[in-house]
Amino acid sequence: MPTPALPTLLYEDDPTGLLTQKFGRETANYFSGSPLNRVSFLRSDRDFLRAAFSHPSTRFLLMKNLAPLVKKSDPAELGFVSLQEHGVLTLTGEDPFAKTEEEQIRDFDSRERRGPVILFLGVDDRGVLVSGNEGEEGVFTWKDFKGAPFFAVDVTPREEEGKGKDEAAEGVIESVAKGDKFVFHESVRHMGLQAGQAAIYGQARALLDWNARNPFCAQCGQRTLSVHAGTKRVCPPTDLALSPGDINRKPCSTRGTVSNLSFPRTDPTVIMAILSSDGTKILLGRQRRWPPYWYSTLAGFQEPGESIEEAVRRETWEESGVRVGRVVLHSSQPWPFPASLMIGAVGQALPGEGEKIFLGHDAELEDARWFGMDEVRTALVCGTSNLGEAPGEGYVEGGLRLPPLTAIANRLVSAVVEGWWVLARI
């Protein structure tokens, strides 16, 4: 699978700007750089959602078991469809946003089959995906915003107790299979999409997965309801399925407080390129399940009550025994598998005993070692690949292998090799 290019910044980076002069050009990592304007403040606007959903220019990204619809002719491009194609309208209904959020909560009835999660992704206000947003369909305009709206729809067939199979969802999948334009990608972790479209896929995947994982309230165990165009879940106070005389559900501590809604989960994860004290080597580790000679930067979850810098030092010491002094943030990467935010950093080991490797604290790593810059530089040229794929042309068996360009680990290692840390950033 060809390695896609990295996203470009959505703003013009002024080389004379004070921040750019001091810290250098901003790094844009894979899964960032969406061309869509999320206009998140409009997700609760029923009138906007109804107009956006029904407009002829609106496009839908279909997701089956978290695998995106892609073009048969080029799987690096997402397959966007209209409401009238492949039975999407039958699955979603003509007016899924007819009710306000308050009305949805008031009319909650657990006897009814829940429709698919319809996630509002944003508006293509720069005309990147739909050139000019013009033609026979016209231009969608809402107040000061103009451009084709984009939604994601979960078409995964789900059986509900007492309600049978989801025939409408199965019909969408069958219709796609009979066509010659689109196909659901074979992997639920598509890493070969064009940069901007990868960001759209990442947004859709993370939010649809979160909705699927949270059908019940974490406080009281009762069923929740997706609102806010797929980006929040609420525990309704009533259920019309209960006896007519008393439709109140059992009490739940999430109601009537500031925590009365469930928001999508994002797990902060530190990932770090650690330099030796003299700046000539970089610390890399490997897990047992990885291919031979394949190493990467160390990483781990940031814990509550811990700064990013502290998490870098703790995780490095726990996994490798190396003690880290100064830590500088480099860049970040959304990682929708399922919902991490990779926070990239560069750290420097303390001299002497601080550089000593010891793997006895944590069994996560099979090996960790210091690699010289020349060896790492060679690996970046011909030894990168996704897990399960062959290294690049020119690789010599036994040489160091590294993650691909689409991984922030690659970008951190490249930054160190290129001397990012030498400039006036520390």
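These figures come from a predicted structure and were not determined experimentally. (Residues numbered from 1 in each chain as written. Predicted model: local features only at pLDDT ≥ 70, side-chain atom pairs only at ≥ 80, totals over all residues. Heavy atoms only, no water.)

Undergrad: I'd like to hear about helix α9 (residues 408–417), residue by residue, with values.
TA: Within α9, 10 of the 10 residues are buried, which leaves it mostly tucked inside the rest of the structure. For α9, every residue scored as buried is listed here: I408, A409, N410, R411, L412, V413, S414, A415, V416 and V417. Buried positions along α9 lie against β12 (267–275), β13 (281–286), β15 (324–335), β16 (340–349) and α8 (373–382). (Buried < 20%, exposed > 50% of the residue type's maximum accessible area, 1.4 Å probe, protein only. Helix = DSSP H or I, 4+ residues; strand = E, 2+ residues; numbered from the N terminus. Contact = heavy atoms within 4.5 Å.)

Undergrad: Before we move on, could you go through the packing of aromatic side chains and cite the residues and values that matter?
TA: Here a ring pair, both rings aromatic, is described through the centre-centre distance and the interplanar angle of the planes. Considering all chains together, one arrives at 17 aromatic pairs under this definition. For the ring pair F60 and F151, a centre distance of 5.7 Å and an interplane angle of 20° mean the geometry is stacked. Of the two residues, F60 sits in strand β1 (residues 59–64) while F151 sits in strand β7 (residues 148–154), which places them 91 residues apart along the sequence. F60 gets classed as buried once you look at its relative accessible area, which sits at 0%. Centre to centre, the rings of W290 and W294 are 5.1 Å apart; their planes meet at 75°, and the pair counts as edge-to-face. Of the two residues examined, W290 and W294, each falls in the buried class. Here the aromatic residues F48, F53, F60, F97, F120, F140, W142 and F151 are joined through ring pairs into a cluster of three or more. (Phe/Tyr/Trp six-rings, centres within 6.5 Å; stacked < 30°, edge-to-face > 60°.)

Undergrad: Please set out the pattern of salt bridges residue by residue, giving values where relevant.
TA: Within this structure, the stated rule accounts for 17 salt bridges. In this structure, the salt-bridge partner of E77 is K71, at a minimum N-O distance of 2.9 Å. Overall, the relative accessible area of 30% leaves K71 in the partly exposed class. Here D374 and R377 are joined by a salt bridge, their closest N and O atoms 2.8 Å apart. Residue D374 and its partner R377 are located together in helix α8, separated by 3 residues, close to a single helical turn. According to the relative accessible area criterion, D374 is exposed, its value standing at 58%. Within the structure, one salt-bridge network assembled from shared partners comprises E303, E306, R314, E315 and E318. (Salt bridge = Lys/Arg side-chain N within 4 Å of Asp/Glu carboxyl O.)

Undergrad: Hey, could you go over the packing of α8 against α9 for me, with residue numbers and the actual values?
TA: The interhelical angle for the contact between α8 and α9, taken along N-to-C directions, is 130°, at an axis separation of 10 Å. Here α8 is positioned oblique relative to α9, judged by the angle of their axes. In this structure, the crossing between α8 and α9 has a hand that is left-handed. Packed against α8, whose contacting residues are M373, V376, R377 and L380, the element α9 presents N410, V413, S414, V416 and V417 at the interface. Among the residues forming the contact of α8 with α9, the class breakdown is 6 nonpolar, 2 polar and 1 charged. (Axes fitted to C-alpha atoms, helices over the stretch in contact; angles between N-to-C directions. Parallel < 35°, antiparallel > 145°, perpendicular 65-115°, else oblique. Left-handed = near helix turned anticlockwise from the far one by under 90°. Nonpolar A, V, L, I, M, F, W, Y, C, P; charged D, E, K, R; others polar.)

Undergrad: A description of the layout of surface pockets should follow, citing residues and the corresponding values.
TA: What the largest pocket holds in volume is close to 1300 Å³. Surrounding the largest pocket, 48 residues form its lining, R114, G115, P116, L225 and S226 being those nearest its centre. Residues that form the lining of the largest pocket fall into these classes: 16 nonpolar, 12 polar and 20 charged. Along the wall of the second largest pocket there are 36 residues; nearest its centre are R189, R289, W290, W335 and L387. Taken together, the elements giving at least two residues each to the lining of the second largest pocket come down to β12, β14 (298–301), β15, β16 and α9. In terms of residue count, β14 provides more of the lining of the second largest pocket than any other element does, 4 residues in total. (1 Å grid on protein atoms, 1.4 Å probe; cavity = no way out; pocket = protein on both sides within 12 Å on 5 of 7 lines; lining within 4 Å. Points joined across faces, edges and corners; volume = space filled by probe spheres on them.)

Undergrad: Before we move on, can you summarise the sheet that holds strand β10 (residues 232–234) with the specific residues and values?
TA: The strands that make up a sheet are held in pairs by hydrogen bonds between backbone atoms, and each pair lies either parallel or antiparallel. Taken together, the 3 strands give an open sheet; going across it, the order is β9-β10-β11, and neighbouring strands pair in antiparallel fashion. The open sheet is flanked by β9 (225–227) and β11 (261–262), the only strands paired with a single partner. For β10 and β11, the ladder comprises 2 bridges, and the chain directions are antiparallel. If you follow V234 over to β11, its bridge partner there is L261. (Pairing = 2+ DSSP bridges.)

Undergrad: Tell me what's going on with the pairing of β12, and back it up with residues and numbers.
TA: Within β12, 8 of the 9 residues are buried, which leaves it mostly tucked inside the rest of the structure. Bridge count for β12 against β16 is 9 bridges, and the pairing is parallel. When the bridges of β16 are listed, L275 appears paired with Q348. As defined by bridge partners, β12 adjoins β14 across 4 bridges and the pair is classed as antiparallel.

Undergrad: Summarise the environment of P157; cite the residues concerned and give the values.
TA: Among the secondary structure elements, P157 is positioned in the loop between β7 and α5 (167–178). By relative accessible area, P157 is classed as partly exposed at 32%. Separated by 204 residues in the primary sequence, P157 and H361 place their C-alpha atoms 44 Å from one another. Apart from residues no more than four positions distant in its own chain, P157 is found in contact with D166, A169, E170 and I173.

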